[in-house]
Amino acid sequence: MATPVSVLRLPKGPVPNSRGFDPNSPRFIALCRTSIPTSAAAQSDPEQLQEEQHARSVLRERFLRCLLAMTNKKVQFHMHEKVNVEATFGASDIDVLNFQVSDLHTPIGVQKEALIRCQDVISFTFDV
């Protein structure tokens, strides 16, 4: 007998000639809400939309610079269930869903190479 598998339902997929999910999709609105609804902000206050976009770009740039600074350094990852692990940071995938690390020291032992899911990480620290 086959085991049922749960399915993750994403927002309506992109149309063939577009570059993203349909922002008017109910699922997109429910799951990907921003502090300013893009379509409403563009019509009502373009200056506020521009400020938010600038703030997001600054934060994104800082995060990417942080990832670059972490390369080949010992990093302490603080994870759910009060688990703390230490590893040498290698890289992140393009979507920042996984971290590639070496010499991962966990409570149950050491793993030479590993991937850490970003969803499991609450915070991380490293010496500059």
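Rules used in this analysis
Each chain has its residues counted from 1, following the order in which its sequence is written. A pLDDT threshold of at least 70 governs which residues receive local features in this predicted model, and a stricter bar of 80 or more applies before side-chain atom pairs are shown or counted, although totals over entire chains, interfaces and linings include all residues. Values reported for side chains reflect all heavy atoms of the structure, with hydrogen atoms and water molecules removed beforehand. For this analysis, a nonpolar core means a set of buried residues of the types Ala, Val, Leu, Ile, Met, Phe, Trp, Tyr and Cys, connected via side-chain atoms within 4.5 Å. When a residue's accessible area, from a 1.4 Å probe over protein chains only, is under 20% of the maximum for its type it is buried; when over 50% it is exposed; and in between it is partly exposed. For the purposes of this entry, the term helix denotes a DSSP run of H or I that reaches at least four residues, the term strand denotes a run of E that reaches at least two, and both are numbered from the N terminus. Contacts are residue-level and defined by heavy atoms, with any inter-residue pair within 4.5 Å sufficient. Strands are treated as partners if at least two bridges between them are detected by DSSP. A pairing counts as a salt bridge when a side-chain nitrogen of Lys or Arg comes within 4 Å of a carboxyl oxygen of Asp or Glu. Axis definition: a line fit to C-alpha positions, over the contact stretch in the case of helices; interaxial angles, taken between N-to-C directions, run 0 to 180 degrees. To pair, rings of Phe, Tyr and Trp, with the six-membered ring standing in for Trp, must have centres within 6.5 Å; the planes then decide the type, stacked if under 30 degrees apart, edge-to-face if over 60, and tilted in the middle.

If you check an unreviewed UniProt entry, the protein appears there as Gem (nuclear organelle) associated protein 7 from Fundulus heteroclitus.

A. Geometry of the nonpolar core. Ranked by size, the top nonpolar core spans 17 residues in total, and within it Phe77, Phe89, Phe99, Val101, Leu104 and Ile116 carry the most contacts. At the level of secondary structure, the elements contributing two or more residues to this core comprise helix H3 (46-70), strand E1 (74-79), strand E2 (83-92), strand E3 (98-106), strand E4 (109-117) and strand E5 (121-126). With residues up to four places along the chain from it excluded, the contact list for Phe99 reads Leu67, Phe77, Phe89, Ala91, Ser92, Ala114, Leu115, Ile116, Cys118 and Phe124.

B. Spotlight on the pairing of E2. Where E1 and E2 come together, 6 bridges link them in antiparallel fashion. If you follow Met79 over to E2, its bridge partner there is Val83. Between E1 and E2, which pair antiparallel and follow one another directly, the connecting turn spans 3 residues, one of which, Glu81, has a positive phi of 65°. Judged from the 5 bridges that link them, E2 and E3 form a sheet pairing that is antiparallel.

C. Spatial organisation of the side chain of Thr88. Tracing the backbone shows Thr88 in strand E2. Look at Thr88 and you get buried, because its relative accessible area is 18%. Residues contacting Thr88, with those up to four places away along its chain left out, are Asn72, Lys73, Lys74, Gln100, Val101, Ser102 and Asp103.

D. Structural context of the pattern of salt bridges. Per the stated rule, a full pass over the model turns up 4 salt bridges. In this structure, Glu61 engages Arg65 in a salt bridge whose closest nitrogen and oxygen atoms are separated by 2.9 Å. Taken together, the residues Glu61 and Arg65, both in helix H3 and 4 residues apart, mark about one turn of the helix. You can call Glu61 partly exposed: its relative accessible area is 41%.

E. Region of interest: the sheet that holds E4. The sheet built from 5 strands is open, its strands ordered E4-E3-E2-E1-E5 with antiparallel pairing. Two strands close off the open sheet at either side, each with one partner strand: E4 and E5. Within the sheet, the average angular offset between the axes of one strand and its neighbour, ignoring direction, is 35°. With 8 bridges connecting them, E3 and E4 associate as antiparallel partners. Paired with Phe99 across the two strands is Ile116, which belongs to E4.

F. Quick look at the environment of Cys66. Structurally, Cys66 is set in helix H3. By relative accessible area, which is 22% here, Cys66 ends up partly exposed. In this structure the C-alpha to C-alpha distance between Cys66 and Phe126, which are 60 residues apart in sequence, comes to 9.9 Å. In contact with Cys66, not counting residues within four places along its chain, are Phe124 and Phe126.

G. Summary view of the packing of aromatic side chains. Throughout the structure, instances matching the rule amount to 4 aromatic pairs. Summarising the aromatic geometry, the rings of Phe77 and Phe124 are spaced 6.2 Å apart at their centres and angled 55° between planes, so their arrangement reads as tilted. Of this pair, Phe77 sits in strand E1 while Phe124 sits in strand E5; the two residues are 47 residues apart in sequence, bridging distant segments of the chain. Summarising the aromatic geometry, the rings of Phe89 and Phe99 are spaced 5.4 Å apart at their centres and angled 70° between planes, so their arrangement reads as edge-to-face. One end of the pair, Phe89, is in strand E2; the other, Phe99, is in strand E3, with 10 residues separating them in the sequence. A relative accessible area of 2% places Phe99 in the buried class. Aromatic rings pair up to connect Phe77, Phe89, Phe99 and Phe124 into one cluster.

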